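Chain by chain, the residues run as shown.
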Amino acid sequence: MAHDVSTHDARKAKILIAEDSPTQAEKLRYLLEENNFKVTTAGNGKQALAAARQCKPALIVSDVMMPEMDGFALCAEIKRDAQLKDIPMIMLTSLSDIRDIMKGLESGADNFIRKPYDDQYLLDRIDLLLMSHELRKSQKMQMGMEIYLGGQKHFITTERQQIVDLLISVYEDAVHLNYELNARQLELTHSNRLLNGLYQIAEGLNQAVTEREVCEKALEYAVELPGVQAGWLYLWDCSGVRLAGARNVPVSLAAESIEALCECRRLLLSGEFSHAPKILQCEHLIQHGDHASLPCYHASIPLWSGNQSQGVMNLLGLEQAQFKDNELDTFYGVGYQVSVALERARLHEHMEKLVEERTAALTAEISRRKEYEARVVRLNRIYSVLSGINTTIVRVREIQELFDEACRIATTHGEFVFTWIGMFEANTGQITPMAKAGRGDGYLSRLDLAAVVDAPGGSCLIGDVITHLKPAICNDLNTYRRTQSSHVQPPDDDYLSMAVLPLTLDGQLAGILALYARETGFFDDEEMTLLIEMAGDISFAMDHLKKEERINYLAFFDAVTDLPNRALFLDRVDQRIQTVSSDHKMLSVIVLDIERFSSINESLGHGAGDSLLRQLAKRLKQLLSETDILAHLSADYFAIARTHEEESTDIAHILEKLLFEVQNQPFLTAGQELRVSVRAGTSSYPADGRDTDTLLRNAETALKKAKLSSDKHLFYAPEFHARVKEKLKLETRLRQALEQEQLVLHYQPKIDLENGKISGLEALMRWEDPENGLIPPLNFIPLLEETRMILEAGRWALGKAISDAQKWKSLGLNPPVIAVNVSAIQLQQKDFVSMVADVLRNAGEVSVGLQLEITESVIMNDIEANIEKLSLIRDMNIQIAIDDFGTGYSSLSYIAKLPVNVLKIDRAFIINMNTNPDDLSIVSAIISLAHSLHLRVIAEGVETIKQADLLRRLKCEEMQGYLFSPGVTTDKIEEFLREKKSLPAWSTQRI
């Protein structure tokens, strides 16, 4: 045609690029210059318009989204300019919004290309526009038409070619999306087949019992995996590598070819086969296969168990492609399952063989021993009892455990129907049962053990043992009962023989061991010899344990106070230091000294001094918690180790309590009341020492300083002493502040990002100190939580916020939702829900919007209990907001279950989101997550209008920060509400 130009001529044309992204602009510039185009670039719409008027390009390629002037506005300006209107314009857009389509049509764009675009497709469109430029110019024809888009009708006037180009772009986009959907569907089908195959393999291996079954099941289901055509399996043992199974092996591969040496067998024999699957080229596939239909590569999957190779499984792929990395990872898991199944099968076969061998051996053994059975069984039974008790003697460390085990072993291994051990009290002549085993049926409770020597009946045997210190035996209790009418009848005649053996310590009777048997004539000479030996072993063990107990006790405990001594104290504190160092807490060692203790010993005697020490130890135990460590170091020195928070006033409180309670209550000793006082020195880990010796030495140094001064107690580090005293003063002032109502609430407004108006208020606690003025929360909130005064302060804040809202409502100011912060300590309380309900009841008819803000980390602690509490709170028509979201470690599965209404994005992500892509991605992800869960989003710490604009574009509903206002007084909030203050110049700043 006359107006057409060749592609070669078109490629020399000048093209103007309008793109605000330097990266995208440079990429497009490189593409066009590589194809011989002359390229000029502009960073925004205004620059592009100026460049077009200056250089008169043959074609303009423009992005839609640009600062200063977007692509639609640029196109409209070009088409209105008489000298530029014939220049073709290509708009780069996603066509994702109806407004994009309508703006493109109205602005007069010549063509649309969807982002991301294919480079060649873009070049083809440029060539087409340049070659048909003159023809299109002559054939331009305006036409009007009514279009139904997005549920609305639009009447547009534009060129026919422009509409055609738009339809082509939309069609191409649909084709591309359809291609992606088909690819995803194929991937899903492949994954489903893979999962089904893996399930079949696991199920088949679970059913396999022998090695052969394992191999068959593994190959049977492995060839059902996607992409697998055939498989064969080699196993390795001491005799070498052998073919254990094959499935669907191609006909062209003979059995001897598979068994012949190949690369996978060579690697297996040489020990070079690693744990990872490999794609190997098979020489036999090359030799025997048809290259057109049979692949020459297969996947070799090692069968590893621990550090030992059991073999290799080869899987032959289909013709289309080799296996991918993720498929090889799956094959590795299959290989591991096969290895485990092989081990299990071999173990099963080995156990079956051992059972058979053992059964045969036992049968032969029984037949050989039949003539000796009666005698050997009896002796083995007693030897078993002796062996068991001797083993117990070596192991046990307590006498009660020795008695319990001896009775159990005698009953279980000795086949005695009932066994018991009693301790003898020489002063009263009474036997006290300590342990028993077997069928007693209340027999012991019916025996008269209070005066055994004079008791009639069966107790006479026990009386004989006490009197003569020798074993007593009765092998026919039925005859004995007839002669002893007052004998207590055993139940159901289960006891027909009885033996009582003495247990001695230092030649004196300490207790008895009683044994009962079902048959008469049970206790013969051989059995009694062994039983007497057993009683002697038990007596020896009792003596040893008593001496060992005393030695061990005195090694670690003080004989006077029964408290841990210095050695045990050092050991326990060493263990506590390891725990404290990992928990980032402090451990304080306190050394207490009784003043003028030596004068008590001198005037009243050491007995009175020991009595005072015992009473003081008892009182200190009552004052301390179970987790504190208390020890008696020397005559008048006591030591205490206590764990607490860093620079906590807890240690000062406990010191004051100890010193006061010791001095305030008198001690009764030697028939008179004594009042004593103590002084204390304290050192703390890690500041004053990192080991117990150093801490104890420094605490003693602090005690010496206290003795030389007027102080009742001193800390080793003067600066720590000063800080604790200062903190105690602050605590006292803070308690006064609560009592005198010095706490106040300030409020920071929350702004609706759509209209710039106030949509909520966050209540912020402040302290109006008469001496120092307004104190920020960081200076007193942590102390409120440490002293648990936050419970009272939090209840007050909730009630005050409701009261302020009701006041504003009475003034006709229509207050928005008010958010009140909840601390971790408040939420941990069992009565938290009832506390909130009580505050609401006291407020009367609450008709104001209320919201509780709880930090993410607090909610995730004890998540199940918190979900239950927050659900009850939300049932009271109170909203729940997660504060500082993104800084904790939330589980997405739990977030979906949380009964919350709002997510607040932490200010740390907002500050740099305009310049830091990572922060922007996090903010965008949080907003998307919240919207998917139907939650509103509030951004904290917004300080610039750019931040607010970006948040609005990201569909964030609300913001709060210094851009609008910091936390202000109730009077200022009242002024805001009355004037209906909104974000300044909000409508002009919106994009």
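The rules behind the values
Residue indices follow the written sequence of each chain, beginning from 1 at its first position. Local features in this predicted model are restricted to residues whose pLDDT is 70 or higher, and side-chain atom pairs enter the listing and the counts only when it is 80 or higher, whereas totals over whole chains, interfaces and linings include all residues. Side-chain metrics rest on all non-hydrogen atoms present in the structure, leaving aside hydrogens and water. Secondary structure elements follow DSSP: runs of H or I no shorter than four residues count as helices, runs of E no shorter than two count as strands, and numbering proceeds from the N terminus. Relative accessibility thresholds used throughout: buried, under 20% of the residue-type maximum; exposed, over 50%; partly exposed, between the two (1.4 Å probe, protein chains only). In this description, contact between two residues means that some pair of their heavy atoms is separated by no more than 4.5 Å. Per-residue accessibility takes into account occlusion by the displayed protein chains alone, with areas from the Shrake-Rupley method and a 1.4 Å probe. The angle between two axes is taken between their N-to-C directions and runs from 0 to 180 degrees, where each axis is a line fitted to C-alpha atoms and a helix contributes only its stretch in contact. Angle categories are assigned with fixed cut-offs, so that under 35 degrees is roughly parallel, over 145 is roughly antiparallel, 65 to 115 is roughly perpendicular, and the rest are oblique. For this scheme, ten residues count as nonpolar: Ala, Val, Leu, Ile, Met, Phe, Trp, Tyr, Cys and Pro. Four count as charged, namely Asp, Glu, Lys and Arg, and the remainder, Gly too, count as polar. By definition, turning the near helix anticlockwise from the far helix through less than a right angle yields a left-handed crossing, and turning it clockwise yields a right-handed one. We define the nonpolar core as a collection of buried residues of types Ala, Val, Leu, Ile, Met, Phe, Trp, Tyr and Cys that are connected through side-chain atoms lying within 4.5 Å of one another. Think of it this way: a Phe, Tyr or Trp ring, Trp meaning its six-membered ring, pairs with another when their centres are within 6.5 Å, and the plane angle makes it stacked under 30 degrees, edge-to-face over 60, tilted otherwise. Only strands that DSSP links by at least two bridges are regarded as paired with each other. Any carboxyl oxygen of Asp or Glu within 4 Å of a side-chain nitrogen of Lys or Arg constitutes a salt bridge here. What the arc covers is the set of directions going from the helix axis to the C-beta atoms. Note: pLDDT gives the predictor's confidence per residue, expressed from 0 to 100. Given a helix with a known number of residues, its expected span is that number minus one, times 1.5 Å. Within 3.5 Å is the distance limit for a polar contact, defined as a pair of N or O atoms, with the added protein rule that one can donate a hydrogen and the other accept it, and that residues adjacent in sequence qualify only through two side-chain atoms. Like charges are joined within 9 Å and nonpolar side chains (Val, Leu, Ile, Met, Phe, Trp, Tyr) within 5 Å, but only among residues with over 30% relative accessible area and no salt bridge; these make up the patches. Note on charges: Lys and Arg go in the positive column, Asp and Glu in the negative column, and His and the chain ends are not counted at all. Just so you know, the charge point we use is NZ for Lys, CZ for Arg, CG for Asp and CD for Glu.

### A look at the overall build of the chain
Here is step 1: In terms of helices and strands, the chain carries 37 helices and 33 strands.
Here is step 2: In the chain, which comprises 991 residues, the share counted as buried stands at 47%.
Here is step 3: Considering only contacts within the chain whose residues lie at least 6 apart along the sequence, 64% involve residues at least 24 apart.
Here is step 4: On the chain, roughly 50,500 Å² of surface is accessible, and the fraction owed to carbon and sulfur atoms is 51%.

### Some thoughts on the packing of helix α21 (residues 597–604) against helix α22 (residues 606–623)
When two helices pack together, their arrangement is given by the angle between the helix axes and the distance between those axes.
Here is step 1: Where α21 contacts α22, the axes come no closer than 6 Å and their chain directions differ by 135°. When the axis of α21 is compared with that of α22, the two are oblique. Between α21, through F597, I600, N601 and L604, and α22, the contact on the second element is made entirely by H606, A608, G609, L612 and L613.
Here is step 2: Looking at the contact of α21 with α22 residue by residue, the class counts come to 6 nonpolar, 3 polar and no charged.

### A closer look at the packing of helix α27 (residues 790–810) against helix α36 (residues 970–979)
Here is step 1: Where α27 contacts α36, the two axes come as close as 11 Å, and the packing angle between them is 40°. Where α27 crosses over α36, the handedness of that crossing is right-handed. Across the interface between the two elements, D804, K807 and W808 of α27 pack against T970, I973, E974 and L977 of α36.
Here is step 2: Classifying every residue of the contact of α27 with α36 gives 3 nonpolar, 1 polar and 3 charged.

### Section: the nonpolar core
Here is step 1: In terms of nonpolar packing, the biggest core is built from 79 residues, with Y747, L784, F832, L852 and L951 touching the most fellow members.
Here is step 2: Looking at this core, the element that brings in the most residues is α27, giving 8 residues.
Here is step 3: In this structure, L951 is in contact with L753, I910, M913, V923, A939, V942 and C956, ignoring residues within four places of it in sequence.
Here is step 4: Counting residues in each nonpolar core, the second largest holds 36 residues, with V385, I399, A499 and M534 among its members.

### Some remarks on the environment of L764
Here is step 1: For L764, the location among the structural elements is in strand β26 (residues 758–769).
Here is step 2: The class for L764 is buried, based on a relative accessible area of 16%.
Here is step 3: Placed 204 residues apart in sequence, L764 and V968 show a C-alpha to C-alpha distance of 9.0 Å.
Here is step 4: Every residue in contact with L764, bar those within four places of it in the chain, is listed here: V744, L745, H746, Q748, N821 and G967.

### Structural notes on the side chain of D63
Here is step 1: Here D63 lies in strand β3 (residues 59–63).
Here is step 2: On the basis of relative accessible area, D63 is assigned to the buried category, the value being 7%.
Here is step 3: Those residues in contact with D63 that sit more than four places away from it in its chain are A18, E19, D20, G71, L92 and K115.

### Thoughts on the packing of aromatic side chains
Here is step 1: Counted under the stated rule, the structure contains 6 aromatic pairs.
Here is step 2: Measuring from ring centre to ring centre gives 5.6 Å for F416 and F522, while their planes differ by 65°; the resulting arrangement is edge-to-face. In this pair, F416 is assigned in the loop between α15 (399–412) and β13 (418–425) and F522 in the loop between β17 (508–517) and α19 (525–556), connecting sequence segments 106 residues apart. Note on accessibility: F416 and F522 belong to one class, buried.

### A closer look at the sheet that holds β13
Here is step 1: Taken together, 5 strands build an open sheet; the order of strands is β14-β13-β17-β16-β15 and the sheet is antiparallel. Sheet topology places β14 (430–438) and β15 (472–474) at the edges, where each strand pairs with a single neighbour. Between one strand and the next, the sheet's axes are offset by a mean angle of 15°, whatever the strand orientation.
Here is step 2: Pairing of β13 with β17 involves 6 bridges; the strand directions are antiparallel. By the bridge assignment, G422 is partnered in β17 with I512.

### Some details on the environment of V833
Here is step 1: Counting through the fold element by element, V833 comes out in helix α29 (residues 832–842).
Here is step 2: Accessibility expressed as a relative area gives 14% for V833, which makes it buried.
Here is step 3: Setting aside residues no more than four positions away along its own chain, V833 makes contact with K869, L872, I873 and M876.

### Here we look at unusual backbone geometry
Here is step 1: A cis amide bond, omega 5°, links Y685 with the succeeding residue P686.
Here is step 2: Tracing the backbone shows P686 in the loop between β23 (678–685) and α24 (692–708).
Here is step 3: Phi angles above zero are rare outside glycine, and N36 is one such case at about 75°.
Here is step 4: Structurally, N36 is set in the loop between α2 (22–34) and β2 (38–42).
Here is step 5: The phi dihedral of K955 is positive, around 70°, even though this residue is not glycine.
Here is step 6: Secondary-structure assignment places K955 in the loop between α35 (945–953) and β33 (958–960).

### Observations regarding the pattern of salt bridges
Here is step 1: Tallied over the entire structure, the rule returns 25 salt bridges.
Here is step 2: With a closest N to O distance of 3.1 Å, R212 and E216 form a salt bridge. Here the residue R212 and the residue E216 both occupy positions in helix α9 (residues 211–222), the gap between them amounting to 4 residues, near one helical turn.
Here is step 3: Between R936 and E958 there is a salt bridge; the shortest N-O distance is 3.1 Å. Of this pair, R936 sits in strand β32 (residues 936–940) while E958 sits in strand β33, placing them 22 residues apart in sequence.

### Examining the sheet that holds β23
Here is step 1: Across the sheet, which stays open at both edges, the 5 strands sit in the order β19-β20-β18-β23-β24 with mixed pairing between neighbours. Strand pairing shows two members of the sheet lacking a second neighbour, β19 (629–632) and β24 (713–715), which therefore form its edges. Across the sheet, the mean angle from the axis of one strand to that of its neighbour is 15°, orientation sign disregarded.
Here is step 2: The sheet contacts of α24 involve β18 (586–594), β20 (637–644), β23 and β24, and relative to β23 the element is tilted by about 140°.

### Structural notes on α36
Here is step 1: Within α36, the full set of buried residues consists of T970, I973, E974, F976 and L977. Summarising the axial view, the buried residues of α36 lie within an arc of 160°, below the 170-degree limit, and thus occupy one face. Opposite the buried face of α36, by more than 90 degrees, sit the exposed residues D971 and E979.
Here is step 2: Residues of α36 that are buried make contact with β25 (743–752), β26 and α27.
Here is step 3: Of the residues trailing α36, K980 is marked for its positive phi of about 55°.

### Considerations on the confidence of the model for the chain
Detail in the predicted coordinates should be disregarded across regions flagged by low pLDDT.
Here is step 1: Taken over all residues, the pLDDT of the chain has a mean of 80, while the share at 70 or more is 82%.
Here is step 2: Segment residues 1–5 is flagged for pLDDT under 50; beyond a separation of four residues in sequence, or across chains, it makes 9 contacts in the model.
Here is step 3: Per-residue pLDDT stays below 50 along residues 987–991; that stretch engages in 7 contacts with residues further than four places along the chain or on separate chains.

### What about helix α34 (residues 917–932)?
Here is step 1: Along its 16 residues, α34 runs 22 Å from first to last C-alpha, staying within 8% of the 22 Å computed at 1.5 Å per residue.
Here is step 2: All of the buried residues along α34 are D919, V923, I926, I927 and A930. In an axial view of α34, the angular spread of the buried residues amounts to 95°, which keeps them on one side of the axis. In α34, those exposed residues whose orientation departs by more than 90 degrees from the buried face are P917 and D918.
Here is step 3: On its buried face, α34 sits against β30 (879–885), β31 (902–905), α33 (907–910), β32 and α35.
Here is step 4: At the N-terminal boundary of α34, the capping side chain belongs to N916, with an oxygen 2.9 Å from the backbone nitrogen of D918.

### Describing a negative patch on the surface
Here is step 1: A contiguous patch of negative charge on the surface is contributed by E213, E349, E352, E356 and E357.
Here is step 2: Among the structural elements, E352 can be located in helix α13 (residues 325–369).

### As for the side chain of N35
Here is step 1: In this structure, N35 sits in the loop between α2 and β2.
Here is step 2: A polar side-chain atom of N35 sits 2.8 Å from the main-chain carbonyl oxygen of L31.

### Considering the pairing of strand β8 (residues 228–237)
Here is step 1: The buried count for β8 comes to 7 of 10 residues, which makes it a mostly enclosed element.
Here is step 2: Where β8 meets strand β12 (residues 308–317), 7 bridges bridge the pair, whose relative direction is antiparallel. Among the inter-strand pairings, V228 is bridged to a residue of β12, identified as G317.
Here is step 3: Relative to strand β9 (residues 240–247), β8 runs antiparallel, the two sharing 7 bridges. In the sheet register, Y234 faces β9, and the bridge partner there is L243.
Here is step 4: Connecting the antiparallel pair β8 and β9 is a turn made up of 2 residues.

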